[in-house]
Amino acid sequence: LKIFTATMAKTKLNNKGITLLEAMITIVVIMIGVLSLTKMFPIAIKINKISEQSTVAANLAQAGIENSFYLNYDNLPVGTMEVKHRLSSDPNDQLYNYQREVLVEYVDSNLQTSITETNLKKITINIYWYNQILKIEKNSQLISLISKK
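Just so it is clear, the structure is predicted and the values come from calculations on it, not from any experiment. (Residues numbered from 1 in each chain as written. Predicted model: local features only at pLDDT ≥ 70, side-chain atom pairs only at ≥ 80, totals over all residues. Heavy atoms only, no water.)

**Remarks on the nonpolar core**
Here is the rule we go by: Here, nonpolar core refers to any group of buried Ala, Val, Leu, Ile, Met, Phe, Trp, Tyr and Cys residues whose side-chain atoms link them within 4.5 Å. Burial status follows relative accessibility: with a 1.4 Å probe on protein chains alone, a residue under 20% of its type maximum counts as buried, one over 50% as exposed, and anything between as partly exposed. Runs of E in the DSSP output that reach at least two residues are strands. Runs of H or I that reach at least four are helices, and both are numbered from the N terminus. Contacts are assigned to residue pairs that have any heavy atoms within 4.5 Å of one another.
Core analysis: the biggest nonpolar cluster contains 16 residues, and Tyr98, Ile123, Ile125 and Ile127 have the highest contact counts within it. At five residues, helix H2 (residues 20-70) tops the list of elements feeding residues into this core. Other than its neighbours up to four places away in sequence, Ile127 contacts Ala57, Leu60, Ala61, Tyr98, Gln99, Arg100, Lys138, Asn139 and Ser140.

**A short note on the confidence of the model for the chain**
Rule in force here: How sure the predictor is of each residue is captured by pLDDT, a score from 0 to 100.
Overall, the prediction assigns the chain a mean pLDDT of 88, with 89% of residues at 70 or greater. Across the chain, the secondary-structure element scoring lowest on mean pLDDT is helix H1 (residues 2-14), at 54, and the one scoring highest is strand S2 (residues 98-107), at 96.

**Some details on the pattern of salt bridges**
Quick reminder of the rule: Salt bridge criterion: a side-chain nitrogen from Lys or Arg within 4 Å of a carboxyl oxygen from Asp or Glu.
For the structure on display, the rule yields five salt bridges. One salt bridge connects Asp74 with Lys148, and the closest N-O pair in it is separated by 3.7 Å. Of this pair, Asp74 sits in the loop between H2 and strand S1 (79-86) while Lys148 sits in the segment after strand S5 (136-147); the two residues are 74 residues apart in sequence, bridging distant segments of the chain. On the basis of relative accessibility, which here comes to 56%, the residue Asp74 falls in the exposed class. The class of Lys148 is partly exposed, set by a relative accessible area of 39%. With its nearest N and O atoms 3.4 Å apart, the salt bridge here joins Lys84 to Glu137. Of this pair, Lys84 sits in strand S1 while Glu137 sits in strand S5; the two residues are 53 residues apart in sequence, bridging distant segments of the chain.

This is how it looks when you write it as structure tokens:
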């Protein structure tokens, strides 16, 4: 009976800690998790850059619309108001990578293009930029209407 009790006491003491094998397995699992997370950072940086470029383009288009609204209806010429051009001539400027085009046309009550005066003009702002990550030219378009007062 004494031998049986002594053996059980030793067994209980050994169950309090972890073995070297368990520790190594835990470290390997944690390392796999950390390495997979580090692979996500470059992807997240690329996605962030694409989002930044799209946001800048949307803001430039909005600025173009607001500039057009400063002109009243009668001073807003129909046709190509701005041909596609760079927004900055300085290659170090962030806006150097963006180009803008502004088109103005008459539209009827069904928003169909018209060649005659309709007291309603459609302003189309196109912003173009080259996405170096995707290796393609991207564009953003914003359309607004202005009516004769």
